[in-house]
Amino acid sequence: MPESIPSMRVAASNVVGTTLREHVLAGMRAAPGATGEFTSLLNHMSLAIRIIHSRVRQAGLADLLGYTGETNVQGEQVQKLDEYANDVLLTVLDKSGHCGVIGSEEVDDAVISSHPGKYVVLFDPLDGSSNIDTNVGIGTIFAVYRRAEPRGVPTVDEALRPGREIVCAGYALYGPSTVFVLSTGHGVHGFTLDPAIGEFFLSSPDIRCPISGSMYSVNEGNHPRWSPEVRRWNAWIKEESKQDGRPYGMRYVGSLVADAHRTLLKGGIFAYPSDRKSPDGKLRLLYEANPMAYLFEQAGGAATNGVDRILDIQPTKLHQRTPLVLGSKSDVGAYRQFVTNERTE
Ligand code: AHM
Ligand code: MG
């Protein structure tokens, strides 16, 4: 007879932090009737992000920068990093068996999964691609929707959902460290990857976007193409006013994930308005604007196209563009007042 093992109490300790896996599992335990599919979907998303992270970190060494069609020293064809990220996400999500429809900024049509499940996942696999060649922060953005008919035959139109129906959204920022920012509708939480063990640990629980900030983020090179209303907002934010903390400082990376992450943590405003060259705006509603808008609202911030709430826009096509303004509630409110002519100075 083996000796019985005495039961032991594990002493509380903070030697090991909360992992992303534990965080997601705790959410599942709190949700009545949860089947584990959503938890498994998020674990697959985390796997895809860790694979992309690993390739991004080797990009310079492995000749993976912007050179599609080039041949590496082993004589193999080199795939561009954004195409690689797209392939990883499509493969991992399809294999998960939890997606009915998968849509990517890099693919013309949404993909019907070969193992249909009950979710729709839309993503921008590697946002900020113009920054890849220069070693500047880039990222992955995604949104998850529950399918209306989980057992029905999936159709591509299931991807055309307003952002207010999102059940989960997040992004990974491949910066000096890789962070994963996630919301499943209960606030926004940030995780940092420990690359030595390949695990995300909770590093910023319950992120709140400050009510106002001191920085603005916009591609000011587009100034001559903006409407008079946007130009008035831009002039206002640069005017001196000790009373309300203007002029704001200016920060612009040119990767939405990096600019949005800073704005989420520090407050202020990010704007990509429509202009004469991009009359509908530049950023994509389904892959970029909706997930970010969901995260900002979950963190107490706001997101608009200048007039309407981003999450209320009914998409009519997969690659629809939209003007996008994100940030602190009071800064986004001031922008909206200028654009709707409620305020002129
Ligand atoms: P991408 O998805 O092809 O990378 O393009 C989107 C990017 C955003 O990350 C960023 O906010 C914007 O385009 C920058 O545009 P610009 O170079 O016109 O300022
Ligand atoms: Mg993008």
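Scroll up for the structure.
Residues numbered from 1 in each chain as written. Chains lettered and ligands numbered in written order. Predicted model: local features only at pLDDT ≥ 70, side-chain atom pairs only at ≥ 80, totals over all residues. Heavy atoms only, no water.

What about the side chain of D82?
Here is step 1 of the chain: As for its placement among the helices and strands, D82 is situated in helix 3 (residues 81-96).
Here is step 2 of the chain: No salt bridge is formed by the buried D82. Its closest oppositely charged neighbour is K80, at 4.1 Å.
Here is step 3 of the chain: Those residues in contact with D82 that sit more than four places away from it in its chain are E106, P125, L126, S129 and I132. (Helix = DSSP H or I, 4+ residues; strand = E, 2+ residues; numbered from the N terminus. Buried < 20%, exposed > 50% of the residue type's maximum accessible area, 1.4 Å probe, protein only. Lys, Arg positive; Asp, Glu negative; His and termini not counted. Salt bridge = Lys/Arg side-chain N within 4 Å of Asp/Glu carboxyl O. Contact = heavy atoms within 4.5 Å.)

Quick notes on the sheet that holds strand 2 (residues 111-112)
Here is step 1 of the chain: Spatially, 2-1-3-4-5-6-7-8 is the arrangement adopted by the 8 strands of the open sheet, whose pairing is mixed. Of all the strands in the sheet, the pair left with one neighbour each is strand 2 and strand 8 (199-204).
Here is step 2 of the chain: Where strand 5 (residues 166-174) and strand 6 (residues 178-183) come together, 6 bridges link them in antiparallel fashion. Paired with A172 across the two strands is F180, which belongs to strand 6.
Here is step 3 of the chain: On the sheet, helix 6 (residues 285-298) packs against strand 1 (99-104), strand 3 (119-127), strand 4 (138-146), strand 5 and strand 6 and is oriented at approximately 100° with respect to strand 5. (Pairing = 2+ DSSP bridges. Axes fitted to C-alpha atoms, helices over the stretch in contact; angles between N-to-C directions.)

A look at the pattern of salt bridges
It is possible for side chains bearing opposite charge to pair when their charged atoms get close.
Here is step 1 of the chain: Under the defined criterion, the tally for this structure stands at 12 salt bridges.
Here is step 2 of the chain: Its salt-bridge partner being E165, residue R161 comes within 2.5 Å of it at the nearest N-O pair.
Here is step 3 of the chain: Its relative accessible area of 15% is what places R161 among the buried residues.
Here is step 4 of the chain: When its relative accessible area of 32% is taken as the criterion, E165 is described as partly exposed.
Here is step 5 of the chain: The salt bridge partner of E342 is R336, with a shortest N-O separation of 3.8 Å.
Here is step 6 of the chain: R336 gets classed as partly exposed once you look at its relative accessible area, which sits at 32%.
Here is step 7 of the chain: Within the structure, one salt-bridge network assembled from shared partners comprises R164, E297, R309 and D312.

Focus on the coordination of the magnesium ion (ligand 2)
Each donor-metal-donor angle in an ideal tetrahedron of four donors is 109.5 degrees, and each such angle in an ideal octahedron of six donors is either 90 or 180 degrees.
Here is step 1 of the chain: Within the first shell, the magnesium ion (ligand 2) binds the protein through D124 (OD), D127 (OD) and E288 (OE), at distances of 1.8 to 2.1 Å.
Here is step 2 of the chain: Note on E288: relative accessible area 5%, which makes it buried. (Donors = N, O, S within 2.8 Å, 3.2 Å for Na, K, Ca; no water.)

Considerations on the site of ligand 1
Here is step 1 of the chain: Every one of the 15 residues lining ligand 1 counts as a neighbour, but G128, N219, Y252, L256 and Y272 are closest to it.
Here is step 2 of the chain: Separating an oxygen atom of ligand 1 from a side-chain N or O atom of D124 is a distance of 3.3 Å.
Here is step 3 of the chain: A distance of 2.6 Å separates an oxygen atom of ligand 1 from a polar side-chain atom of Y272.
Here is step 4 of the chain: For the shell around ligand 1, the elements supplying multiple residues, two or more each, are strand 3 and strand 11 (269-272).
Here is step 5 of the chain: Considering only residue class, the shell around ligand 1 consists of 5 nonpolar, 5 polar and 5 charged. (Near = heavy atom within 4 Å. Polar contact = N/O pair within 3.5 Å; in protein donor to acceptor, adjacent residues only side chain to side chain. Nonpolar A, V, L, I, M, F, W, Y, C, P; charged D, E, K, R; others polar.)

Topic: the side chain of T178
Here is step 1 of the chain: The topology assignment puts T178 in strand 6.
Here is step 2 of the chain: At 2.8 Å, the side chain of T178 forms a polar contact with the side chain of H53.

What about the packing of aromatic side chains?
Here is step 1 of the chain: Enumeration over the complete set of coordinates arrives at 6 aromatic pairs.
Here is step 2 of the chain: Summarising the aromatic geometry, the rings of F38 and Y119 are spaced 5.7 Å apart at their centres and angled 45° between planes, so their arrangement reads as tilted. Residue F38 is found in helix 2 (residues 37-58), and its partner Y119 is found in strand 3; the two are separated by 81 residues along the sequence.
Here is step 3 of the chain: Taken together, a centroid distance of 6.3 Å and an interplanar angle of 85° make the contact between Y216 and W233 edge-to-face. Here the residue Y216 occupies a position in strand 9 (residues 215-217), and W233 occupies one in helix 4 (residues 228-238), the gap between them amounting to 17 residues. Side by side, Y216 and W233 carry an identical accessibility label, which is buried.
Here is step 4 of the chain: Three or more aromatic residues link up through ring pairs in this structure, and these residues are F142, F180 and F200.
Here is step 5 of the chain: A cation sits over an aromatic face here: R55 above Y84, 4.2 Å from the ring centre. (Phe/Tyr/Trp six-rings, centres within 6.5 Å; stacked < 30°, edge-to-face > 60°. Lys NZ or Arg CZ within 6 Å of the ring centre and 35° of its normal.)

Remarks on the environment of N222
Here is step 1 of the chain: With respect to the element layout, N222 can be found in the loop between strand 9 and helix 4.
Here is step 2 of the chain: The buried category is assigned to N222, whose relative accessible area is 8%.
Here is step 3 of the chain: Beyond its immediate sequence surroundings of up to four residues, N222 is in contact with Y272 and D275.
Here is step 4 of the chain: Here Y272 takes part through its side chain, which lies 3.2 Å from a polar atom of the side chain of N222.

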